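Breakdown of the fold
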Amino acid sequence: KPLVAVGQVTSTPDKELNFAACAGLVREAARRGACLVFLPEGFDYIGSDTAQTLSLAEGLDGDLMGRYAELARDCSVWLSLGGFHERGRDWPTTQRIYNCHALLDPAGHLVAAYRKTHLCDVELEGRVTMKESSFTNAGTEIVPPVSTPAGKLGLSICYDLRFPEISLALRRAGAEILTYPSAFTVPTGSAHWEVLLRARAIESQCYVVAAAQTGKNHERRTSYGHALVVDPWGAVVAQCREGPGLCYAEIDLDYLHRVRQEIPVHGHRRPDLYGTVTARGLAPVP
């Protein structure tokens, strides 16, 4: 059974230190035999304010992504880079970035790029205030699942977890693994993280993989952590301890298809009553 590795890191505004930490985890995962390594949202950096966040951003053709492509080649692994601060082609006119989930194959090729469609604008009085839409452009499409050695991978990012429509659309398009690289805050993570991930796994009958930020990213931000893997039955089969590190899980597609056969919810849906969740550009898979 293919082995996947799920990373938990504490990104800071220091891109060099962050790359060294992430590269160390990727190399460790490769030594353990993982075919696919997942890194969280903000793996490149987490800025201390909006101005710094924008100033540190790069294009997908920039130096940092080039270094990750070289890392993928050196380690012969797939890399799910789950939340890259991307300067898109519209950067000169908008001065805004995209939150981009980049998927690299073992040759270092960019095989998919999903730009976060649901931006995190939340205000928990006296605890957390975030307004991602103030400096980030929302993505405009869901990316078709990508065939990897571990299974067909559907890409999302963090706040997308709260919207089951995207997971159902990816499942309908053939996804077997859903991934939610994240940087959850402590108040929202302690309340919602695990239950939402398990719900997405149960309703879609997919493996769910969620790499995570953990600990103090800078003076004003602390992340929840608890990177984990959930199987299609809803059981947590791997989870990171406190602090940076990795957890590992085998992906058993025979088990996934047995779960889908025993409780065939996909075929029991009633589009005549509530319609069908579809996404533009995603072809359904029987």
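Up top is the structure these notes are about.
The structure reproduced in this document is the subject of the present report. The shown structure was predicted, so the numbers you read here are calculated from the model rather than taken from an experiment.

Let us now look at the side chain of T214. Mapped onto the secondary structure, T214 falls in strand β12 (residues 212-218). In this view, T214 contacts Q8, V9, T10, S223, Y224, G225, G243 and P244; residues no more than four positions away in its chain are not counted.

This next bit is on helix α3 (residues 63-75). Between its terminal C-alpha atoms α3 stretches 18 Å, which fits the 18 Å expected from 13 residues at 1.5 Å a residue. Every buried residue of α3 is listed here: L64, M65, Y68, A69, L71, A72 and C75. Each buried residue of α3 lies within a common arc of 160 degrees when the element is viewed along its axis, so the set occupies one face. The outward face of α3, more than 90 degrees from its buried face, is lined by the exposed residues D63 and D74. Contacts made by the buried residues of α3 are with α1 (15-31), β2 (36-39), β3 (78-86) and β4 (98-104). Downstream of α3 by one or two residues, S76 has phi in the positive range, about 55 degrees.

The packing of two helices is summarised by the inter-axis angle and the distance between the axes. At a closest axis distance of 10 Å, the pairing of helix α5 (residues 164-172) and helix α6 (residues 186-204) adopts a crossing angle of 35 degrees. Our pair here, α5 against α6, has a crossing hand that is right-handed. For the pair α5 and α6, the contacting residues are P164, S167, L168 and R171 in the first and R200, E203 and S204 in the second. Along the lines of polarity and charge, the residues of the contact of α5 with α6 split into 2 nonpolar, 2 polar and 3 charged.

The subject of this paragraph is the pairing of strand β11 (residues 207-210). Along a regular strand, successive side chains alternate from one face of the sheet to the other. Burial of the side chains of β11 extends over both faces: Y207 and V209 are buried on one face and V208 and A210 on the other. What joins strand β10 (residues 177-179) to β11 is α6, and the crossover it makes is right-handed. Pairing analysis gives 3 bridges linking β11 to strand β14 (residues 228-230), with the strands arranged antiparallel. Bridging across to β14, A210 finds its partner in L228.

Among the nonpolar cores identified, the biggest contains 51 residues, and V6, L36, F38, L103, W193 and L197 are the most heavily contacted of them. Apart from the residues within four sequence positions on either side, L197 is in contact with L161, Y180, V208, A210, L228 and V230. L3, V9, L71 and L104 belong to the second-largest nonpolar core, a separate cluster that totals 31 residues.

Time to look at the environment of R31. Note that R31 resides in helix α1. Taking the relative accessible area as the measure of exposure, R31 reaches 67% and is therefore exposed. Sequence separation of R31 and C75 is 44 residues, and the distance between their C-alpha atoms is 8.3 Å.

With mixed pairing, 6 strands are arranged side by side in an open sheet as β8-β9-β10-β11-β14-β15. Looking at the sheet topology across the chains shown, the edges are occupied by β8 (146-148) and β15 (236-239). With strand direction ignored, the average angle separating the axes of adjacent strands in the sheet is 25 degrees. Bridging between β14 and β15 involves 3 bridges; their strand directions are antiparallel. Across the sheet, the residue bridging to V230 is V236, located in β15. Docked against the sheet, α6 engages β10, β11, β14 and β15, running at close to 30 degrees with respect to β14.

Turning to the packing of α1 against α3, a few remarks are in order. Two elements in contact, α1 and α3, have axes whose closest approach is 10 Å; the angle formed by their N-to-C orientations is 15 degrees. Considering their axes alone, α1 and α3 lie roughly parallel with respect to each other. The hand of the α1/α3 crossing is right-handed. Touching K15, E16, N18, F19, C22, A23, V26, R27 and A30 of α1 are L64, R67, Y68, L71, D74 and C75, all from α3. Here the contact of α1 with α3 is built from residues that sort into 9 nonpolar, 1 polar and 5 charged.

Here is what the cut-offs are and how they apply
- Residues numbered from 1 in each chain as written.
- Predicted model: local features only at pLDDT ≥ 70, side-chain atom pairs only at ≥ 80, totals over all residues.
- Heavy atoms only, no water.
- Helix = DSSP H or I, 4+ residues; strand = E, 2+ residues; numbered from the N terminus.
- Contact = heavy atoms within 4.5 Å.
- Expected span 1.5 Å × (residues − 1).
- Buried < 20%, exposed > 50% of the residue type's maximum accessible area, 1.4 Å probe, protein only.
- Arc of directions from axis to C-beta.
- Axes fitted to C-alpha atoms, helices over the stretch in contact; angles between N-to-C directions.
- Left-handed = near helix turned anticlockwise from the far one by under 90°.
- Nonpolar A, V, L, I, M, F, W, Y, C, P; charged D, E, K, R; others polar.
- Right-handed = clockwise from strand over helix to strand, strands pointing away.
- Pairing = 2+ DSSP bridges.
- Core = buried A, V, L, I, M, F, W, Y, C linked by side-chain atoms within 4.5 Å.
- Parallel < 35°, antiparallel > 145°, perpendicular 65-115°, else oblique.

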